[in-house]
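Secondary and tertiary structure notes
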Amino acid sequence: MRRGVALLAVALAGACHGEFSVAQRFDAAQAMRWVTYQVNAGPRVPGMPAHDSIEAWLVRELKARADSVAVQAFTYVTQPGDKYHPAGDTLHLANILARFRPADPNRILYLTHWDTRPVAENDPNPANRDKPIPGADDGASGTAMLLEVADVLKRYPPGVGVDLLFVDGEDYGDFDTMKDVLLGSTYFAQHLPPGYHPLFGVLWDMIAGRDQVIEEEDNSVQFAPEVVDRVWSTADSLGLGGMFRRTDAGAIIDDHVPLLQAGLRVIDVIGWRNYQTWHHTLQDTPDKLSLASMQGVGRLAVALLR
Ligand SMILES: [Zn+2]
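Residues numbered from 1 in each chain as written. Predicted model: local features only at pLDDT ≥ 70, side-chain atom pairs only at ≥ 80, totals over all residues. Heavy atoms only, no water.

1. Quick notes on the coordination of the zinc ion
Protein-derived coordination of the zinc ion comes from Asp138 (OD), Asp171 (OD) and His280 (NE2), at a distance range of 1.9 to 2.2 Å. Spacing between the donor residues of the zinc ion along the chain follows D-x32-D-x108-H. One end of the pair, aspartate 138, is in helix H5 (residues 136-155); the other, aspartate 171, is in the loop between strand S4 (161-167) and helix H6 (183-190), and 33 residues separate them in sequence. By the burial criterion, aspartate 138 is buried, and aspartate 171 matches it. (Donors = N, O, S within 2.8 Å, 3.2 Å for Na, K, Ca; no water. Helix = DSSP H or I, 4+ residues; strand = E, 2+ residues; numbered from the N terminus. Buried < 20%, exposed > 50% of the residue type's maximum accessible area, 1.4 Å probe, protein only.)

Dropping the structure here:
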């Protein structure tokens, strides 16, 4: 843990040039088209057709941009205690890791989940609650944003190693019992690249909602406070203080938790206010997103890599 802090100080000292100009190159309109592309493909639920087709699309698009792309394929057997699924089903899952400057020991990790939820348990209409969500914000927004970050890094290569990790199976199961959820991030945390110690990491989840407010998440503040400070102060310097507030989001169980437990300093950037409106309903559609939110978060993600 202390070693991570010392390395971060070195990274901060070198983080001053080009930060704003390259951040402007983030094309939010392109990212929004990639949101729509994913939603139009259908639910990215393990076992459904769009899960395979979007995995293939993501690998193809990332290979055109990153220095290396690896697919971490694995199987998972569903557990007792998930009220949405029978136990004993075998899921075929895939994390996708796209790397820039793969040999550079100084690395930054960004992750998001690319799968979508098979049930809409918060939908106001009970008849919809066993249907898969469209996942425009919850799944597609972070995936599209990181793909556009890859595009910027292809055109403006970073001065630090960057890992873009797209995890599977975040949203499959039951968050009340914590059964069959966070599957890809848990698997990645248990099978890290050898000697893997990124300077810091950020999970980007539900990042493009309209009227978006992003507050400080408790697990992030408790276990990686210096990363929270870095991200929120960079947001301030980009004029994003209206979106990134220093108020408390509460504790959120998300893909950063298995990574924090593995000793990586990874925080959660999540559009909390949206969570209370269309989260896990059939209303999580592209019209709930805004170009301004995507642009602000995308520019921040790029600026943090400089
Ligand atoms: Zn979700």
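2. Some thoughts on unusual backbone geometry
Despite not being glycine, arginine 101 shows a phi value in the positive range, around 50 degrees. Position of arginine 101 relative to the elements: it lies in the loop between strand S2 (90-100) and strand S3 (107-113). What makes arginine 101 partly exposed here is its relative accessible area of 37%. Positive phi values are uncommon outside glycine, yet leucine 182 reaches one of about 55 degrees. Structurally, leucine 182 can be placed in the loop between S4 and H6.

3. Describing the pattern of salt bridges
Evaluation of the coordinates by the stated rule reveals 15 salt bridges. Aspartate 104 serves as the salt-bridge partner of arginine 101, at 3.1 Å between the closest nitrogen and oxygen. A salt bridge links lysine 288 to aspartate 287, with the nearest nitrogen and oxygen atoms 3.1 Å apart. On the basis of relative accessible area, lysine 288 is assigned to the buried category, the value being 14%. (Salt bridge = Lys/Arg side-chain N within 4 Å of Asp/Glu carboxyl O.)

4. Some remarks on the packing of aromatic side chains
This model, assessed by the stated rule, comprises 5 aromatic pairs. With 5.3 Å between their ring centres and 80 degrees between their planes, tryptophan 232 and phenylalanine 244 make a pair best called edge-to-face. Of the two residues, tryptophan 232 sits in helix H8 (residues 225-237) while phenylalanine 244 sits in strand S7 (residues 244-250), which places them 12 residues apart along the sequence. (Phe/Tyr/Trp six-rings, centres within 6.5 Å; stacked < 30°, edge-to-face > 60°.)

5. Details of the environment of isoleucine 108
As for its position among the elements, isoleucine 108 is in strand S3. Using a relative accessible area of 3% as the deciding quantity, one classes isoleucine 108 as buried. Taking the C-alpha atoms as reference points, isoleucine 108 and alanine 87, 21 residues apart in sequence, are found 36 Å from one another. With near-sequence residues (within four places) excluded, isoleucine 108 lies in contact with Val160, Gly161, Val162, Asp163, Leu199, Phe200, Leu304 and Leu305. (Contact = heavy atoms within 4.5 Å.)

6. With respect to the environment of lysine 179
Checked against the element boundaries, lysine 179 lands in the loop between S4 and H6. Judged by relative accessible area, lysine 179 falls into the partly exposed class, the value being 33%. In the structure, lysine 179 is positioned 67 residues away from arginine 246 in sequence and 32 Å away in space, judged by C-alpha atoms. If near-sequence neighbours (up to four positions away) are discounted, lysine 179 is found in contact with Gln79, Pro80, Gly81, Asp82, Gly173 and Asp174.

7. A word on the packing of helix H3 (residues 28-41) against helix H11 (residues 291-303)
At their nearest, the axes of H3 and H11 sit 9 Å apart, and the two run at 115 degrees to each other. Judged on the interaxial angle alone, H11 and H3 are roughly perpendicular. As for how H3 packs across H11, the hand of that crossing is right-handed. Contact residues: Ala28, Ala29, Ala31, Met32 and Val35 in H3; Leu291, Met294 and Gln295 in H11. (Axes fitted to C-alpha atoms, helices over the stretch in contact; angles between N-to-C directions. Parallel < 35°, antiparallel > 145°, perpendicular 65-115°, else oblique. Left-handed = near helix turned anticlockwise from the far one by under 90°.)

8. Section: H3
Helix length check: H3, at 14 residues, gives a terminal C-alpha distance of 20 Å against a target of 20 Å (1.5 Å per residue), a fit within 8%. The inward-facing, buried residues of H3 contact helix H4 (49-63), H5 and H11. Measuring from the side-chain oxygen of the N-cap residue of H3 to the backbone nitrogen of alanine 29 gives 3.1 Å; that N-cap residue is aspartate 27. One or two residues past the end of H3 sits glycine 42, with phi positive at roughly 115 degrees. (Expected span 1.5 Å × (residues − 1). Polar contact = N/O pair within 3.5 Å; in protein donor to acceptor, adjacent residues only side chain to side chain.)

9. Side note on the sheet that holds S4
On the basis of which strands lie adjacent, the open sheet formed by 6 strands has the order S1-S2-S4-S3-S5-S8 and mixed pairing. Two strands close off the open sheet at either side, each with one partner strand: strand S1 (68-77) and strand S8 (266-270). Taken over all neighbouring pairs, the strand axes of this sheet differ in orientation by 20 degrees on average, direction set aside. Sheet contacts for H6: S1, S2 and S4; angle to S1, the most-contacted strand, approximately 110 degrees. (Pairing = 2+ DSSP bridges.)

All quantities given are derived from atomic positions and should not be read as evidence of function.
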